[in-house]
Amino acid sequence: MEEKKTQSDEIEIDLREYMSILAKGKWVIILCTFLAIVVGLFLVFTLKPVYEASAKVLIVEKSLAGELFGEYNPEYSTSSEVNFQTQMEMLNSRQFKEEVIKKLSLKVKPDELEEKINVSRVGNTKVIEITVQDNDPQLASDIANTLAQVYIDWSTETYQQSLKTVLEEINVKLEDSKQKLDSISAEISNLEGSGREVPESLRKELEMNSELYVMLSEKYENLRINEAMGESAAKITETAVVPEEPVKPNKKIILISALLIGLILGCGIVLTKEFLDNTIKTTSDVKKYYGLNVISRIAYDKAYDIDKRELVILKDPDSQVSESIKELRTNLSYFNVDRRIKTIGITSAQLEEGKTFISANLAVALAQSGIKTLLLNADLRNPVIHKYFGYNNISGITSVLTGHSRLSDEVMPTKVKNLSFLSSGPVPPNPAELLESEMMGKMLDTLSEKYDYIIIDTPPIVPVTDLIALAKKIDSILVVVRVGKVTRATAMEASEKIKVVRNKVLGAVLNGVIRKGGYYYYYK
């Protein structure tokens, strides 16, 4: 049950992150959609209307064999499939298209005309539909009807030619039959005239030839009538009418398609750009590449950029940035349930992730809640936190550790009640050795007796080993991760170094998060 719940939560988080990505790229999506709709409108107003007209032709089976040897009965469904396909091919032939071009005096080539014509079978019937599309509705109708008529004329001519050939063959057979009848009749007359008996076989032969002659004569006359009537093996069942409304372009379909294409293209660009971006952006990224849980998110506000080195929590206490700093302060209290945490080192994988900004503002937030707090600058290589409070960095930790001044002289008050500050001092040649020294440990022990919390700004973990050297002497570590700043490769490198001090790492603080409402997070 718990596993199903976890899977459900993961799906919800993934969907939320996808929505965050799309929301972040909303202007790209809007632009793509707008441009697609503009193109759609351009097509709607510039594409020529296309009209469609259709004529239908019925293929009628005409069997000359049936005419000759059986009762004539035209049938509409007995033509063979081969014959039907032959008729379809003839309708699609170049010969017919050339004839249509000639009859209508069209200034197009047969191949160009073919692009406008579609010949298809209507279901399983013997009906062929001729469909023509053209920018001119009248021309579309004329082409469909003319092609149908050209086919009918060809069919009639072909059938009449077949009749003529059969009539000639029957006529020859009639002449042969008549001669044979005359010969048999003469032979019988001679036998009867001489008083001899006429053989029965001869009489039967006369009877059979008489019947054949009569039958051939009847069929000959029937076929002569068919020939005179101009019978055909096909007929038009439906003529094409001039269409009133165009079938293309479909304005509604074009605009809906443009809208969908724009949305899909915009979303595709945003997601592709996001997936090609190999920086850490989400809580799941932090978990995957750092191996850490995110214990707090610090809001992003361009008005309070980390480079400005401002105490936002004093300047604008109601801002989202200030609220998220206070949330981090609250979350830290939960770690003090099972063990007492006083010294907290704040680091990051690399520079410009906001660790100093968060250290300074978190220290102020703790002090504002009545907690006696010391902000200590242990970034001996690139000290800047003193600028948040208007101090110089002439002396500090390095002065104490090298014996040039006393600790009590270096701890400075600030304008924030309950908050003191200890600067780093001059940059030494051996920062890691100083932080790892026994004197550093004693100094932290002394300070821990006087303060409830000591917030320590430390160097980045990837470029140098200073944090590792200091880790033995502090209670806990927070890793600041700036959204979109750290690559996955750098995050994994930091993860390897964090393993050395894993037992002291409380978790990660995701910095630079844009919060919309109280539930969804969009990552900057």
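See above for the structure.
S.K.: Just checking my understanding: could you explain the environment of isoleucine 256 for this structure?
M.R.: Along the polypeptide, isoleucine 256 turns up in helix 9 (residues 251-276). Taking C-alpha positions, isoleucine 256 is 8.5 Å from isoleucine 37, a pair spaced 219 residues apart along the chain.

S.K.: Is there a simple way to explain the nonpolar core in this structure?
M.R.: When a protein is soluble and globular, its nonpolar side chains tend to lie buried together. By size, the foremost hydrophobic cluster in this structure holds 44 residues, and its most contacted members are Tyr290, Leu376, Leu422, Met440 and Leu447. Core analysis: the second largest hydrophobic core is formed by 35 residues, Val312, Val321, Ile346 and Leu419 among them.

S.K.: Where do I start with the pairing of strand 11 (residues 476-482) in this structure?
M.R.: Regular strands place side chains that alternate from one sheet face to the opposite one. For strand 11, a buried count of seven out of seven residues is recorded, marking the element as mostly surrounded by other parts of the structure. The sheet contact formed by strand 6 (residues 343-348) and strand 11 spans five bridges and is parallel. Bridge pairing in strand 11 links glycine 345 to isoleucine 477.

S.K.: Before we go on, may I ask you to explain the packing of aromatic side chains in this structure?
M.R.: For any pair of aromatic rings, geometry is given as the distance between the ring centres together with the angle between the planes. Under the defined criterion, the tally for this structure stands at five aromatic pairs. Counting every residue linked through ring pairs, the aromatic cluster contains Phe96, Tyr151 and Trp154. In this arrangement the basic side chain of lysine 372 is found over the ring face of tyrosine 451, its NZ or CZ atom lying 5.4 Å from the centre.

S.K.: Please clarify how the packing of helix 12 (residues 320-334) against helix 13 (residues 355-368) should be interpreted in this entry.
M.R.: Packed helix pairs are characterised by how far apart their axes lie and by the angle those axes make with each other. It is at 9 Å that the axes of helix 12 and helix 13 come closest, and there the two elements cross at 70°. One element, helix 12, and the other, helix 13, form an angle in the roughly perpendicular class. Between helix 12 and helix 13, the residues in contact are Val321, Ile325, Leu328, Arg329 and Leu332 and Phe357, Ile358, Asn361, Leu362, Ala365 and Leu366, respectively. Along the lines of polarity and charge, the residues of the contact of helix 12 with helix 13 split into nine nonpolar, one polar and one charged.

S.K.: Would you explain the pattern of salt bridges in this entry?
M.R.: Between side chains of opposite charge, a pair can form when the charged atoms approach closely. If you walk through the whole model with that rule in mind, you get 16 salt bridges. Across the salt bridge formed by aspartate 134 and lysine 116, the nearest N and O atoms sit 2.5 Å from each other. Of the two residues, aspartate 134 sits in strand 3 (residues 127-134) while lysine 116 sits in the loop between helix 6 (110-114) and strand 2 (117-121), which places them 18 residues apart along the sequence. For glutamate 436, the salt bridge goes to lysine 472, with nearest N and O atoms at 3.9 Å. Here glutamate 436 is found in helix 16 (residues 431-436), whereas its partner lysine 472 is found in the loop between helix 18 (466-471) and strand 11, with 36 residues between them in sequence. When its relative accessible area of 42% is taken as the criterion, glutamate 436 is described as partly exposed. Taking relative accessible area as the criterion, lysine 472 reaches 63% and is therefore assigned exposed.

S.K.: How should I be thinking about the pairing of strand 9 (residues 419-422) in this particular structure?
M.R.: Burial along strand 9 is two-sided: Leu419 and Phe421 facing one way and Ser420 and Leu422 facing the other are all buried. Looking at chain direction, strand 7 (residues 373-377) and strand 9 are connected through four bridges and run parallel. Across the sheet, the residue bridging to leucine 375 is phenylalanine 421, located in strand 9. As defined by bridge partners, strand 8 (residues 411-413) adjoins strand 9 across three bridges and the pair is classed as antiparallel. From the neighbouring strand, proline 413 faces strand 9, where its bridge partner is serine 420. Hairpin geometry of strand 8 and strand 9 is characterised by an intervening segment of five residues between the two adjacent antiparallel strands and by a positive phi of about 75° at asparagine 418.

Rules used in this analysis
- Residues numbered from 1 in each chain as written.
- Predicted model: local features only at pLDDT ≥ 70, side-chain atom pairs only at ≥ 80, totals over all residues.
- Heavy atoms only, no water.
- Helix = DSSP H or I, 4+ residues; strand = E, 2+ residues; numbered from the N terminus.
- Core = buried A, V, L, I, M, F, W, Y, C linked by side-chain atoms within 4.5 Å.
- Buried < 20%, exposed > 50% of the residue type's maximum accessible area, 1.4 Å probe, protein only.
- Pairing = 2+ DSSP bridges.
- Phe/Tyr/Trp six-rings, centres within 6.5 Å; stacked < 30°, edge-to-face > 60°.
- Lys NZ or Arg CZ within 6 Å of the ring centre and 35° of its normal.
- Axes fitted to C-alpha atoms, helices over the stretch in contact; angles between N-to-C directions.
- Parallel < 35°, antiparallel > 145°, perpendicular 65-115°, else oblique.
- Contact = heavy atoms within 4.5 Å.
- Nonpolar A, V, L, I, M, F, W, Y, C, P; charged D, E, K, R; others polar.
- Salt bridge = Lys/Arg side-chain N within 4 Å of Asp/Glu carboxyl O.

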